[in-house]
Amino acid sequence: MTIIGTRMVREDKTARQLFEDVMANPARAKFGFGEKVAIVNIDFQNAYTRIDRYKTAYETDPRQIEHTNTISKLAREAGMPVIWTHVAYMDSAADAGVWGTRTDTPDSLQNIKYDSDRHAFDERCAIDESVDAIYTKRMPSAFFETPLQSLLVWHKVDTVVLTGGSTSGCIRATAVESLSRGYRTIVPIETCADKHESYHFANLTDLQLKYADVVPVQDVVDWFGAR
């Protein structure tokens, strides 16, 4: 029998090695940048960034926030929108829905409450509240039940740059929805983080192959510099 498809591949490479192979031998054309970018910085809040305070926090690249601040500043200077999201729920956690039913500990997702330290943005984030949009979201995608889509339409954005965490959760969910809504989607590698390198690199690989351009953050810096 002639087989023209693929039976599931099994090999002993790590997720990082598979990612490096894909990046070294790109098999897809890039979506590329369009004419106007929005930087969407996802969940840079203490619950997920302050590894000195919270078990739920994680760090991948120690310069993640620095890189995110850099490209956010470049976007502002170019008159392009910068958006920051963070997660919180009402005291009853009813707005967490079924997502809030898997665990119920002080560290659980649905126990991030409005105006708590876990909800607050990491103080290292250079947020300009006079121009940056700030949204509280309740589900993985930054698009879900937030004003993000309306803001992008108003600014005539065609390219969405995603930073934050987690790579396997909210970054991936937002990237899939971004592509589904017709946006060129860019994920700068150094600006994303996850708890385990397997989750991180497996999802970067999948994003690169299907939903986004996974690129070094310098590519975003260079795009602004070339304008």
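Description of the structure in this document. Computed from a predicted structure; not experimentally measured.

## Things to note about the packing of helix α1 (residues 15–24) against helix α6 (residues 197–211)
Moving on, step 1. One can describe the packing of α1 onto α6 by two numbers: an axis separation of 8 Å at closest approach and a directional angle of 25°. As the angle between them shows, α1 and α6 are arranged roughly parallel. You can see that α1 and α6 cross each other, and the crossing is left-handed. The segment α1 lies against α6, with Ala 15, Arg 16, Leu 18, Phe 19, Val 22 and Met 23 engaging Glu 197, Ser 198, Phe 201, Ala 202, Leu 204, Thr 205, Gln 208 and Leu 209.
Moving on, step 2. When its residues are assigned to classes, the contact of α1 with α6 shows nine nonpolar, three polar and two charged.

## Digging into unusual backbone geometry
Outside of glycine, negative phi angles account for most residues, and trans bonds account for most peptide bonds.
Moving on, step 1. Cis peptide bonds are those with omega within 30 degrees of zero, and the linkage from Gly 165 to Ser 166 qualifies with -10°.
Moving on, step 2. One can find Ser 166 in the loop between β4 (159–165) and α5 (167–180).
Moving on, step 3. One non-glycine residue, Asp 43, lies in the positive phi region at around 60°.
Moving on, step 4. Here Asp 43 is to be found in the loop between β1 (37–42) and α2 (46–49).

## Here's the deal with the pattern of salt bridges
Moving on, step 1. Counted by the stated rule, this structure contains 16 salt bridges.
Moving on, step 2. Across the pair Asp 43 and Lys 137 runs a salt bridge, and its minimum N-O distance is 3.0 Å. Of this pair, Asp 43 sits in the loop between β1 and α2 while Lys 137 sits in strand β3 (residues 133–137), placing them 94 residues apart in sequence.
Moving on, step 3. Overall, the relative accessible area of 4% leaves Asp 43 in the buried class.
Moving on, step 4. Look at the salt bridges and you will find they share partners, linking Arg 50, Asp 52 and Glu 123 into a network.

## A few points about the side chain of His 119
Moving on, step 1. Looking at where His 119 falls in the secondary structure, it is placed in the loop between β2 (82–87) and β3.
Moving on, step 2. His 119 sits in the buried class, given a relative accessible area of 6%.
Moving on, step 3. Aside from chain neighbours lying at most four places away, what touches His 119 is Gln 45, His 86, Val 87, Ala 88, Ile 112, Lys 113, Tyr 114 and Thr 136.

## Notes on the packing of α5 against α6
Moving on, step 1. Orientation of α5 relative to α6, taken along the N-to-C sense of each, is 10°, at an axis distance of 10 Å. Put simply, α5 runs roughly parallel to α6. The residues of α6 that touch α5, namely those facing Thr 167, Ser 168, Ile 171, Arg 172, Ala 175, Val 176 and Leu 179, are Tyr 199, His 200, Asn 203, Leu 204, Asp 206, Leu 207, Lys 210 and Tyr 211.
Moving on, step 2. Among the residues making up the contact of α5 with α6, the classes are represented as eight nonpolar, four polar and three charged.

## Some words on the state of the cysteines
Moving on, step 1. Per the stated rule, a full pass over the model turns up zero disulfides.
Moving on, step 2. Summary of cysteine pairing: Cys 170 is not part of a disulfide, and the nearest cysteine sulfur, belonging to Cys 192, is at 11 Å.
Moving on, step 3. Note on Cys 170: relative accessible area 10%, which makes it buried.
Moving on, step 4. Note on Cys 192: relative accessible area 1%, which makes it buried.

## Quick word on the pairing of β2
Moving on, step 1. Across the six residues that make up β2, a large majority, six, are buried.
Moving on, step 2. Of the two faces of β2, the one holding Val 82, Trp 84 and His 86 and the one holding Ile 83, Thr 85 and Val 87 are both buried throughout.
Moving on, step 3. By the bridge criterion, four bridges tie β1 to β2 in an arrangement that is parallel. What sits directly across from Asn 41, in β2, is Trp 84.
Moving on, step 4. Here β2 runs beside β3; their pairing, made up of five bridges, is parallel. Of the residues in β3, the one forming a bridge with His 86 is Thr 136.

## Some details on helix α3 (residues 64–77)
Three or four residues apart is the spacing at which side chains of an α-helix point the same way, because the helix has 3.6 residues per turn.
Moving on, step 1. A rise of 1.5 Å per residue sets the reference length of α3, with its 14 residues, at 20 Å; its end C-alpha atoms lie 20 Å apart and thus fit the reference within 8%.
Moving on, step 2. Buried residues along α3 sit in contact with β1, β2, β4, β5 (184–188), β6 (192–193) and α7 (217–226).
Moving on, step 3. Positive phi appears at Gly 79, one or two residues downstream of α3, with a value of about 75°.

Rules used throughout
- Residues numbered from 1 in each chain as written.
- Predicted model: local features only at pLDDT ≥ 70, side-chain atom pairs only at ≥ 80, totals over all residues.
- Heavy atoms only, no water.
- Axes fitted to C-alpha atoms, helices over the stretch in contact; angles between N-to-C directions.
- Helix = DSSP H or I, 4+ residues; strand = E, 2+ residues; numbered from the N terminus.
- Parallel < 35°, antiparallel > 145°, perpendicular 65-115°, else oblique.
- Left-handed = near helix turned anticlockwise from the far one by under 90°.
- Contact = heavy atoms within 4.5 Å.
- Nonpolar A, V, L, I, M, F, W, Y, C, P; charged D, E, K, R; others polar.
- Salt bridge = Lys/Arg side-chain N within 4 Å of Asp/Glu carboxyl O.
- Buried < 20%, exposed > 50% of the residue type's maximum accessible area, 1.4 Å probe, protein only.
- Disulfide = S-S within 2.5 Å.
- Pairing = 2+ DSSP bridges.
- Expected span 1.5 Å × (residues − 1).

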